[in-house]
Amino acid sequence: APLDRIFSGIQPTGIPHLGNYLGALESWVNLQDRHSSVLYSIMDLHSITVPQDPTALRHSILDMTASLLACGIDPSRTVLFQQSHVPGHATLSWILGCRTSMPRLRHLPQWKMKSRQRNEGYVGLYTYPVLQAADILLYRSTHVPVGEDQVQHLKLARDAARIFNHHYGPFFPEPQALLSPTSKVKSLRDPAVKMSKSDPQRLATVLLTDSPEDVALKFRKAVTDFASEVTFDPEARPGVSNLVAIHAAVLGGTVEQAVAQARGLDTAQYKQVVADAVIERLRPVRDEILRLRREPGYLRSVLDEGSRRARELSAPVLRRVYQLVGF
Ligand code: ADP
Ligand code: NA
């Protein structure tokens, strides 16, 4: 049987937030211990599907690299690379796109949402799930850590593998999802939506580089309700339940354990407890991001070496695809 190969990616949105950390990056770090072949990509080709600024992008790529290293991604064991520096992603995307139907893409939720928000539709935004499929298949990846929101896109990658294999002979494994064990971290200002970098509300999103004072302030201002007792009931009490879920994730325990720690505290006191736990957890990560940010040459060299290894791993796959297609 082929060995496991883990692939995942994150867009260079700059400094990640607490949701990215608890929902994705923490498990990325743990996967390094359990699998021998792991690739993580800074998905810069994806980040130009919406309007962008070149100078900001250049900074965001290095900030994301610093953040991944600070979280514990180890470039001596893991191939940490920049997507645009491996030309095979775009090449394979073209080939897969030639076997993907238009209606298949039209029904994906992210296209529906983002094209409506922007009142326009760029070709790249429409076809980016095909690029995602290529990102995964280019390394013949077997497992992809994803959040629930990405499951439909992974399904497209599985379909693309199956369609390719059907046309050209068995070659690509159908990649399996490794679902994140953490439920979505919600916005601190509106627990109906997930915590997100693009949330315009001040105080809604905790960044990994936030100072302890900022983290404390954001939790102090977190939206809860009028009951003072701490319980976990995401339907009826989404705000308090979000705090409990964050607390549990940071403790590495269950929501029941987090609620037990809140016994006798009112929500105001509990916010302080959760803020302190988050601050302690993020302290070494934050310190390391701030240190690495001052080493852009080092960050560049990590990405260049990772991208070189990714080109090396992808080259024979692409060669075989060319043969199968008839190029
Ligand atoms: P954002 O929505 O802030 O732009 P991304 O979509 O780039 O974040 O997500 C990168 C990774 O972080 C994905 O694996 C995604 O599932 C995870 N993630 C993003 N937001 C959250 C959240 N609020 N809670 C848990 N995981 C999240
Ligand atoms: Na997103």
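Residues numbered from 1 in each chain as written. Chains lettered and ligands numbered in written order. Predicted model: local features only at pLDDT ≥ 70, side-chain atom pairs only at ≥ 80, totals over all residues. Heavy atoms only, no water.

Helix and strand counts for the protein come out as 13 helices and five strands. Taking 20 Å as the expected radius of gyration for a compact globule of 327 residues, we find that the protein reaches 21 Å, a close match to that expectation. A total of 327 residues make up the protein; the buried ones form 49% of that total. Counted over contacts in the protein with a minimum sequence separation of 6, partners at least 24 positions apart contribute 74%. (Helix = DSSP H or I, 4+ residues; strand = E, 2+ residues; numbered from the N terminus. Rg over C-alpha atoms; globule rule 2.2 N^0.38 Å. Buried < 20%, exposed > 50% of the residue type's maximum accessible area, 1.4 Å probe, protein only. Contact = heavy atoms within 4.5 Å.)

Attention shifts here to the site of ligand 1. The environment of ligand 1 is made up of 14 residues, and the closest members are H17, N20, V185, K194 and M195. H17 has a polar side-chain atom sitting 2.6 Å from an oxygen atom of ligand 1. For ligand 1, a nitrogen atom lies 3.1 Å from a polar atom in the backbone of G19. Compared with its free state, where it exposes 530 Å², ligand 1 has 84% of that area covered by protein. With four residues, the top contributor of residues to the shell around ligand 1 is helix α1 (residues 18-34). Taken together, the residues of the shell around ligand 1 break down into four nonpolar, six polar and four charged. (Near = heavy atom within 4 Å. Polar contact = N/O pair within 3.5 Å; in protein donor to acceptor, adjacent residues only side chain to side chain. Areas by Shrake-Rupley, 256 points an atom, 1.4 Å probe, with all protein chains shown as cover. Nonpolar A, V, L, I, M, F, W, Y, C, P; charged D, E, K, R; others polar.)

A few words on the environment of T78. The topology assignment puts T78 in the loop between α3 (54-71) and β3 (79-82). Given the relative accessible area of 1%, T78 is considered buried. Between the alpha carbons of T78 and T231 there is a distance of 40 Å; along the sequence they are 153 residues apart. In this structure, T78 is in contact with Q32, V38, Y40, I73 and R309, ignoring residues within four places of it in sequence. Here the side chain of T78 touches Q32 through a polar contact of 2.8 Å, side chain to side chain.

Right, let's get into unusual backbone geometry. Backbone geometry places R140, a non-glycine residue, at a positive phi of 45°. With respect to the helices, strands and loops of the structure, R140 is situated in the loop between α7 (123-137) and β4 (143-146). Looking at R140, the relative accessible area reads 35%, which means it is partly exposed. One non-glycine residue with positive phi stands out, namely L203, at about 75°. Looking at L203, the relative accessible area reads 16%, which means it is buried.

Attention shifts here to the pattern of salt bridges. Scanning the model with the defined rule gives 18 salt bridges in all. Linking R104 and D159 is a salt bridge whose minimum nitrogen-to-oxygen distance equals 2.7 Å. Of the two residues, R104 sits in helix α5 (residues 102-106) while D159 sits in helix α8 (residues 151-168), which places them 55 residues apart along the sequence. Each of R104, K155, R158, D159, R162 and E174 takes part in a single network of salt bridges with overlapping partners. (Salt bridge = Lys/Arg side-chain N within 4 Å of Asp/Glu carboxyl O.)

The subject of this paragraph is the confidence of the model for the protein. When pLDDT is averaged along the protein, the result is 94, and 96% of the positions lie at 70 or above. Quick note on the complex model: pTM equals 0.94, ipTM equals 0.93. (pLDDT = per-residue confidence, 0-100.)

Under the 1.5 Å per step criterion, the end-to-end length of α7 is 21 Å for 15 residues, consistent within 8% with the ideal 21 Å. At P129, α7 is deflected by roughly 40°, the largest bend along its length. Along α7, 12 of the 15 residues are buried, which leaves the element largely enclosed by surrounding structure. (Expected span 1.5 Å × (residues − 1). Bend = angle between axes of the 7 residues up to and from the residue.)

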